[in-house]
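The residues making up each chain are set out below.
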Amino acid sequence: MDNTENTHDQDEHAKTPEDPATASAKSPAVDGGEFVPEDHRQTLDEAHSRLEAAQKRIDAMLLREIERQAAQRLDVPSDLFDLGKHRVANLLGEDGDVDAEKVAAAVESLLKSRPNLAVRPTGWGDVGGGPRSSADDDVPDWKSALRGQRH
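Residues numbered from 1 in each chain as written. Predicted model: local features only at pLDDT ≥ 70, side-chain atom pairs only at ≥ 80, totals over all residues. Heavy atoms only, no water.

J.: How do you make sense of the overall build of the protein chain when you look at a structure like this?
T.: Scanning the protein chain from terminus to terminus reveals six helices and two strands. Put simply, the protein chain runs from its N terminus to its C terminus through helices and strands in the order α-α-β-β-α-α-α-α. Counting all 151 residues of the protein chain, 14% fall into the buried class. The long-range fraction of contacts in the protein chain, counting pairs at least 24 apart against all pairs at least 6 apart in sequence, stands at 43%. When the accessible surface of the protein chain is totalled, it reaches about 12600 Å², and 52% of it is carbon and sulfur. (Helix = DSSP H or I, 4+ residues; strand = E, 2+ residues; numbered from the N terminus. Buried < 20%, exposed > 50% of the residue type's maximum accessible area, 1.4 Å probe, protein only. Contact = heavy atoms within 4.5 Å. Areas by Shrake-Rupley, 256 points an atom, 1.4 Å probe, with all protein chains shown as cover.)

See below:
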């Protein structure tokens, strides 16, 4: 009987512990080495989703601000990224805000290589259309000639 007890003890010691990878799959989530209960996992996922959405909004606002600044000199502000191959991250300052000097330098370098991307003048100017007021009323015109009036 002493022999069977000894064999039973050996069997218990011979069993290998569970693999940590499968053990964590059976237990609540493990995140960064810390134990996170399942009810907190959902809260963590929701916070992560909100953070990603906020980051996308911030990135879009930064892009719009850079394009707004580039629009002062570029006809199509998105050309700074499409043709100039600049990235938003390269046009930001150390504080994460848009650096106006970096944007101006990027626009300038793009315009040096492609001057046709610059803002075009708007409007036609004065092409002689529309009513005119004459400073000299003694000049005959068709209206007075048809009425038979002489100046």
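J.: I tried to follow unusual backbone geometry on my own but got confused; where do I start?
T.: Where the residue is not glycine, phi is negative for most of them; where a peptide bond is considered, it is trans in most cases. Backbone geometry places Lys-85, a non-glycine residue, at a positive phi of 55°. For Lys-85, the position within the fold is in the loop between α4 (79-82) and α5 (100-113). For Lys-85, a relative accessible area of 65% puts it in the exposed group.

J.: Would you take a moment to explain the nonpolar core for this structure?
T.: One recurring pattern in soluble globular proteins: nonpolar side chains tend to sit buried together. Within the largest apolar cluster, 15 residues are counted, with the highest numbers of intra-cluster contacts made by Ile-66, Leu-74, Leu-80, Leu-91, Val-98, Val-103 and Val-107. The dominant element in this core, judged by the number of residues it contributes, is α5, at five residues. Excluding residues within four positions of it along the chain, Val-98 makes contact with Leu-62, Glu-65, Ile-66, Gln-69, Leu-91, Leu-92 and Val-103. (Core = buried A, V, L, I, M, F, W, Y, C linked by side-chain atoms within 4.5 Å.)

J.: Explain the confidence of the model for the protein chain here, please?
T.: Caution applies to low-pLDDT parts of the model: their predicted coordinates are not meant to be read in detail. In this model, the protein chain carries an average pLDDT of 79, and 68% of its residues clear a pLDDT of 70 or more. Element-level mean pLDDT values for the protein chain span from 46 in helix α2 (residues 20-26) up to 96 in α5. (pLDDT = per-residue confidence, 0-100.)

J.: Would you explain helix α3 (residues 38-70) in this entry?
T.: Residues spaced three or four apart along an α-helix point in a common direction, a consequence of the helix completing one turn every 3.6 residues. Compared with an ideal rise of 1.5 Å per residue, which puts 33 residues at 48 Å, α3 spans 48 Å between its outermost C-alpha atoms and is within 8% of the ideal. What α3 keeps buried is the set Leu-62, Ile-66, Gln-69 and Ala-70. Looking at the buried positions of α3, the neighbouring elements they touch are α4 and α5. (Expected span 1.5 Å × (residues − 1).)

J.: Just to check I follow, could you spell out the packing of α3 against α5 for this structure?
T.: The contact between α3 and α5 brings their axes to 10 Å, and the two run at 55°. Taken as axis vectors, α3 and α5 run oblique relative to one another. The two elements α3 and α5 meet at a crossing, and its hand is right-handed. Along the contact surface, α3 presents Ile-66, Gln-69 and Ala-70, while α5 presents Ala-100, Val-103 and Val-107. Its residues assigned to classes, the contact of α3 with α5 comprises five nonpolar, one polar and no charged. (Axes fitted to C-alpha atoms, helices over the stretch in contact; angles between N-to-C directions. Parallel < 35°, antiparallel > 145°, perpendicular 65-115°, else oblique. Left-handed = near helix turned anticlockwise from the far one by under 90°. Nonpolar A, V, L, I, M, F, W, Y, C, P; charged D, E, K, R; others polar.)

J.: Got a minute to help me understand the pattern of salt bridges in this structure?
T.: A side chain with one charge can pair with a side chain of the opposite charge if their charged atoms come near. A complete count under the given rule lists four salt bridges for this structure. In this structure, Arg-41 and Asp-45 form a salt bridge, with 4.0 Å as the shortest nitrogen-oxygen distance. In this pair, Arg-41 and Asp-45 both sit in helix α3, four residues apart, roughly one turn of the helix. (Salt bridge = Lys/Arg side-chain N within 4 Å of Asp/Glu carboxyl O.)

J.: Is there a simple way to explain α5 in this structure?
T.: If you check α5, its first and last C-alpha atoms are 20 Å apart, about what 14 residues at 1.5 Å a residue would give, namely 20 Å. If you check which residues of α5 are buried, you get Val-103, Ala-106, Val-107, Leu-110 and Leu-111. Seen from one end, α5 has its buried residues packed into an arc of 130°, which puts them on one side. Exposed residues on α5 whose side chains face more than 90 degrees from its buried face are Glu-101, Lys-112 and Ser-113. (Arc of directions from axis to C-beta.)

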